[in-house]
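This is what each chain is made of:
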Amino acid sequence: MVAVKAGILGATGAVGQRFVEALANHPWFEITALAASERSAGKTYREAAGWRLDTAMPESVENIEVVPVDPKAVDADVVFSALPADLAFTVEPEFAKAGFAVASNASSYRMEKDIPLVIPEVNPEHLGLIEVQQDARGWDGYIITNPNCSTIVMTVTLKPLMKFGLETVQVATMQAISGAGFSGVPAMAIYDNVIPYIGSEETKMETETLKLLGEFNGSEIVPADMKVSASCHRVPVIDGHTEAIWAGMRDKPAPEEVREAFLKFDPKLGELPSEPRKAIIVRDEVDRPQPRLDRNMGKGMSVSVGRIREGIRYIAMGHNTIRGAAGASVLNAELLHSIGKL
Ligand SMILES: NC(=O)C1=CN([C@@H]2O[C@H](COP(=O)(O)OP(=O)(O)OC[C@H]3O[C@@H](n4cnc5c(N)ncnc54)[C@H](OP(=O)(O)O)[C@@H]3O)[C@@H](O)[C@H]2O)C=CC1
Ligand SMILES: N[C@@H](CC(=O)OP(=O)(O)O)C(=O)O
């Protein structure tokens, strides 16, 4: 199989490095371009990146010269975007217009009517919006997006509950500091502390979830008819967002039925290289899931759940920069490739 040429926009950042990690030995994609700011352009990736992951920098990328974030400088079929949202807002359409498939991790276009917001295990059919988008905008390429990291972790677990008639969701998050990027939260602010505010996070969880669980009617997404209410908090954990979720359902399933629904959840995506063997892992121990112990399950792509109680109340936990960011975009691109869209 000829590898799909893959570029990474924002390749030196927290999510960008996760993209490099996920794509360096990928069976379908080959990294052909690494792009970042003018501060990094012209340097080798080794010089520019300041590698911060606890796996070694892949040798294949060490000497790649970083290029500016410009369609003319990037040789690729698909670009993975890990750019700050304000920059992604102007840059991503330029790439789509120039014929690239853009798999974006940034928030800029998630809620646009004609741009798919996709989690492969939840709403693969929403990729039908790509044609609507290309017709409306006259682009040769297109943009698809993955949700906010907290939204992804929660929504993967809500999907198997839809059959019980999901009506209300309340969620309180405990979010890792890597979610704010490498220099996002000063150590003096987060050490020995909890910060009960993450800008725009609650609105993102409350709106993106309805789009994800909504129905594609051939021309647009009809949002799910339910209410989501979120409270988001930063905690001194490096990676892994933990969420306490209360799910109100019409059929009032017992905890054991909810556990069964999680256990049996099979999105049938086994042919995609990044899809974990289990999208949802059920932990029966009273004190799990925990970020330090469970975040790398399924190579960081599984969401772990536990403490399923009457109410229905449960805890969900997932790796925010893998399942919630780079891994999610790569999985979206794998889905696109599997349906002939790359
Ligand atoms: N961290 C997370 O858990 C999640 C992050 N996201 C989103 O992903 C995106 C990236 O986040 P994160 O990796 O944490 O951010 P970082 O700040 O760690 O990285 C930002 C990247 O963008 C590049 N960049 C910054 N300014 C410019 C510019 N003016 N021109 C070109 N490139 C530029 C940087 O390059 P340089 O090194 O050269 O400055 C770097 O590669 C954001 O939109 C974020 O909201 C989404 C979900 C989860
Ligand atoms: N706000 C998230 C990370 C993030 O960047 O989200 P978004 O992709 O929605 O901007 C966090 O801090 O954990």
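Please refer to the structure placed before this passage.
This one's a predicted model, so the numbers in the text were calculated from it and none came from an experiment. (Residues numbered from 1 in each chain as written. Chains lettered and ligands numbered in written order. Predicted model: local features only at pLDDT ≥ 70, side-chain atom pairs only at ≥ 80, totals over all residues. Heavy atoms only, no water.)

Student: Can you tell me about the overall build of the chain, naming the residues and giving the values?
Tutor: When you go through the chain residue by residue, the secondary structure sums to 11 helices and 14 strands. Computed over its C-alpha atoms, the radius of gyration of the chain comes to 19 Å, within 12% of the 20 Å expected for a compact globule of 342 residues. By principal-axis analysis of the C-alpha atoms, the chain measures approximately 55 × 50 × 35 Å. Per-residue burial for the chain yields a buried fraction of 57% across its 342 residues. Taking all contacts inside the chain whose residues are at least 6 apart in sequence as the whole, residues at least 24 apart take part in 73%. Total accessible area on the chain stands at roughly 14,900 Å², and carbon and sulfur atoms take up 51% of it. Each charge sign in the chain was given a centre, from 34 positive and 45 negative side chains, and these centres are 4 Å apart. (Helix = DSSP H or I, 4+ residues; strand = E, 2+ residues; numbered from the N terminus. Rg over C-alpha atoms; globule rule 2.2 N^0.38 Å. Buried < 20%, exposed > 50% of the residue type's maximum accessible area, 1.4 Å probe, protein only. Contact = heavy atoms within 4.5 Å. Areas by Shrake-Rupley, 256 points an atom, 1.4 Å probe, with all protein chains shown as cover. Lys, Arg positive; Asp, Glu negative; His and termini not counted. Charge placed at Lys NZ, Arg CZ, Asp CG, Glu CD.)

Student: Tell me about the site of ligand 1, and name the residues and values.
Tutor: Inspection of the region around ligand 1 gives 27 residues, with Thr12, Ser37, Arg39, Ser40 and Leu83 positioned closest. The separation between an oxygen atom of ligand 1 and a polar main-chain atom of Ala14 is 2.9 Å. Arg39 places a polar side-chain atom, nitrogen or oxygen, 2.6 Å from an oxygen atom of ligand 1. Comparing atom positions with the cavity grids shows ligand 1 to sit within the largest pocket. Elements supplying a minimum of two residues to the shell around ligand 1: α1 (14-23), α4 (85-97) and α11 (322-338). Split by residue class, the shell around ligand 1 holds 14 nonpolar, 12 polar and 1 charged. (Near = heavy atom within 4 Å. Polar contact = N/O pair within 3.5 Å; in protein donor to acceptor, adjacent residues only side chain to side chain. 1 Å grid on protein atoms, 1.4 Å probe; cavity = no way out; pocket = protein on both sides within 12 Å on 5 of 7 lines; lining within 4 Å. Sits in = over half its atoms within 2 Å of the grid points. Nonpolar A, V, L, I, M, F, W, Y, C, P; charged D, E, K, R; others polar.)

Student: So what's going on with the site of ligand 2? Residues and values would help.
Tutor: Near ligand 2, the surroundings consist of Asn105, Arg110, Asn148, Cys149, Gln175, Gly179, Ala180, Ile198, Glu201, Lys204, Arg234 and His241. A distance of 2.6 Å is found between a nitrogen atom of ligand 2 and a side-chain nitrogen or oxygen belonging to Glu201. Taking Arg234, its side chain carries an N or O atom lying 2.5 Å from an oxygen atom of ligand 2. Starting from 350 Å² of accessible surface for ligand 2 in isolation, the protein chains cover 79%. Here ligand 2 is seated within the largest pocket. Here the shell around ligand 2 gathers at least three residues from each of two domains, domain 1 (4-148 + 325-338) and domain 2 (149-319). (Domains from an automatic or database assignment.)

Student: Explain the pairing of strand β1 (residues 4-9) to me, using residue names and the numbers behind them.
Tutor: Buried residues dominate β1, accounting for 5 of its 6 residues. As defined by bridge partners, β1 adjoins strand β2 (residues 29-36) across 6 bridges and the pair is classed as parallel. Each residue of the ladder has a partner; that of Ala6, found in β2, is Ile31. Taking the sense of rotation as the criterion, the β-α-β connection linking β1, α1 and β2 turns out right-handed. (Pairing = 2+ DSSP bridges. Right-handed = clockwise from strand over helix to strand, strands pointing away.)

Coordinates in, geometry out; function isn't part of it.
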